[in-house]
There are 2 protein chains.
Amino acid sequence: MNLVTIAQASAATGVSAKMIRHYESIGLIRAPVRTENRYRHYNEADLHDLGFIRRARDLGFSFEDIRQLLDLWRDKGRSSAEVKAIALRHIKELDDKAAQLAAMSRTLKRLAESCHGDARPDCPILEALDKPAPAGGCCNP
Amino acid sequence: MNLVTIAQASAATGVSAKMIRHYESIGLIRAPVRTENRYRHYNEADLHDLGFIRRARDLGFSFEDIRQLLDLWRDKGRSSAEVKAIALRHIKELDDKAAQLAAMSRTLKRLAESCHGDARPDCPILEALDKPAPAGGCCNP
DNA sequence: GTTGACCTTGCCATGATGGGATACCTATCT
DNA sequence: AGATAGGTATCCCATCATGGCAAGGTCAAC
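First, a word on scope: everything that follows refers to the structure included in this document. (Residues numbered from 1 in each chain as written. Chains lettered and ligands numbered in written order. Predicted model: local features only at pLDDT ≥ 70, side-chain atom pairs only at ≥ 80, totals over all residues. Heavy atoms only, no water.)

### Overview of the pattern of salt bridges
Residue and element names in this part refer to chain B. According to the stated counting rule, one finds 25 salt bridges over all chains in the structure shown. Notably, a salt bridge pairs Lys-92 with Asp-96, separated by 2.7 Å at the nearest N-O pair. Residue Lys-92 and its partner Asp-96 are located together in helix H5 (residues 80-113), separated by four residues, close to a single helical turn. Several salt bridges converge on common partners, so that one network encompasses Arg-30, Asp-46, Asp-49, Asp-71 and Arg-74. (Salt bridge = Lys/Arg side-chain N within 4 Å of Asp/Glu carboxyl O. Helix = DSSP H or I, 4+ residues; strand = E, 2+ residues; numbered from the N terminus.)

Written as structure tokens, this is what we have:
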């Protein structure tokens, strides 16, 4: 059966032992078998799930999404449409978030460009944070 | 002096009353004067600071950054270089984060494109999450 | 004098992760 | 056998920004 300890499972999957226990506590993975001394021992299927979770997390999926994806993976009669729907929704979230960050960056870059960045105290960045009404004719007419 | 209650300060600045109290508790803003009944009352300078904070938060600055920006704003002998340095560092953080999200989105889009998205169970998205080694010749040679 | 709207403090929750404390188990070295 | 080292268990706390809820005080209007 090739049972491994939590540290070995961690090394094999790249998920910290701390997180492995956490996933168990929130029901994302099944509780593994315990030896007499109450140590957790993981089998191949457990390791697969942990790897699956890590790769999904690397793609930015939330635990709730991962829970569904894992369920779909286990369900051999799933429809790929369900998986794709989750992915497309997540892609939209990622893109929205990225666009938000890009907008902040753009605004800030514009301000930073017009800032001398020397010993003088006057600074358009502070002025922008200062102004009572950020809306106006300058940006979104 | 035009003193206003916390709800009015909230309405005027767009910062929730909850957050205003929180900012006070972490020392981001000064404790306002209290009336006899212990109600907080904010003056013009307080409102300015709250507006400043909200605009800085809208640009994604952390509280620690905002603390420094507020200090710089109050210091009339500041050098704009200091402000610009904070802004440039933050711009880099924003861009890094956006790039990270974009990379996730790109990977996921590639997978989603090759997924039928119909009633059939086979799905490249699940396969990608499945595979033991995500590194390989397909992406980063 | 009651109702409703506002204010106060304090605790808990999020999401994903890390840190630390304390205690137990096991293996190795002296 | 005793000491030392290291892995494991559980539990609590912290992050960061924000919201919710509860219990109680205060004020104005009806």
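### Focus on the protein's contact with DNA strand C
The local shell around DNA strand C holds 19 residues, among which Lys18(A), Thr5(B), Ala7(B), Lys18(B) and Arg40(B) are the closest. When the atoms of DNA strand C within 4 Å of the protein are sorted by group, sugar and phosphate make up 70%. Between DNA strand C and Arg34(B) there is a distance of 3.1 Å, counted from a phosphate oxygen to a side-chain nitrogen or oxygen. Elements supplying a minimum of two residues to the surface near DNA strand C: helix H2 (17-25) of chain A together with helix H1 (6-13) and helix H2 (17-25) of chain B. Ranked by residues supplied to the surface near DNA strand C, first place goes to H2(A) with four residues. Across the surface near DNA strand C, the residue classes tally to seven nonpolar, five polar and seven charged. (Near = heavy atom within 4 Å. Polar contact = N/O pair within 3.5 Å; in protein donor to acceptor, adjacent residues only side chain to side chain. Nonpolar A, V, L, I, M, F, W, Y, C, P; charged D, E, K, R; others polar.)

### Section: the protein's contact with DNA strand D
Taken together, 19 residues surround DNA strand D, and among them Thr5(A), Ala7(A), Tyr39(A), Arg40(A) and Lys18(B) come closest. Sugar plus phosphate: this is where 68% of the atoms of DNA strand D within 4 Å of the protein reside. Within the contact set of DNA strand D, a phosphate oxygen lies 3.1 Å away from a side-chain nitrogen or oxygen of Arg21(A). Per-class residue counts for the surface near DNA strand D are seven nonpolar, five polar and seven charged.

### Thoughts on the interface of chain A and chain B
Each partner contributes to the interface: chain A provides 51 residues, whereas chain B provides 51 residues. A combined buried area of about 4,300 Å² lies between chain A and chain B, and 69% of that area is made up of carbon and sulfur atoms. Among the residues chain A hides against chain B, the three largest losses belong to Arg55(A), Leu126(A) and Leu129(A). Together they make up 17% of the total. Seen at the junction of chain A and chain B, the total is two salt bridges. (Contact = heavy atoms within 4.5 Å. Buried area = accessible area lost by both parts, 1.4 Å probe.)

### So, the state of the cysteines
The term disulfide refers to a covalent linkage connecting the sulfur atoms of a pair of cysteines. In total, this model carries zero disulfides over all chains according to the counting rule given. Here Cys115(A) is not disulfide-linked; the sulfur of Cys123(A) is the nearest cysteine sulfur, at 3.6 Å. (Disulfide = S-S within 2.5 Å.)

### Points about the side chain of Ser80(B)
Locating Ser80(B) in the fold gives a position in helix H5. Residue class for Ser80(B) comes out buried when judged on its relative accessible area of 0%. In contact with Ser80(B), other than residues within four places in its own chain, are Cys115(A), His116(A), Gly117(A), Asp118(A), Ala119(A), Arg120(A), Pro121(A), Asp122(A) and Cys123(A). (Buried < 20%, exposed > 50% of the residue type's maximum accessible area, 1.4 Å probe, protein only.)

### Quick notes on the packing of H1(B) against H2(B)
All names here are of chain B. Interaxial distance between H1 and H2 falls to 9 Å at its minimum, and their mutual angle equals 100°. Of the possible angle classes, the one that applies to H1 and H2 is roughly perpendicular. Across the interface between the two elements, Ile-6, Ala-9 and Ser-10 of H1 pack against Ala-17, Ile-20 and Arg-21 of H2. Across the contact of H1 with H2, the residue classes tally to four nonpolar, one polar and one charged. (Axes fitted to C-alpha atoms, helices over the stretch in contact; angles between N-to-C directions. Parallel < 35°, antiparallel > 145°, perpendicular 65-115°, else oblique.)

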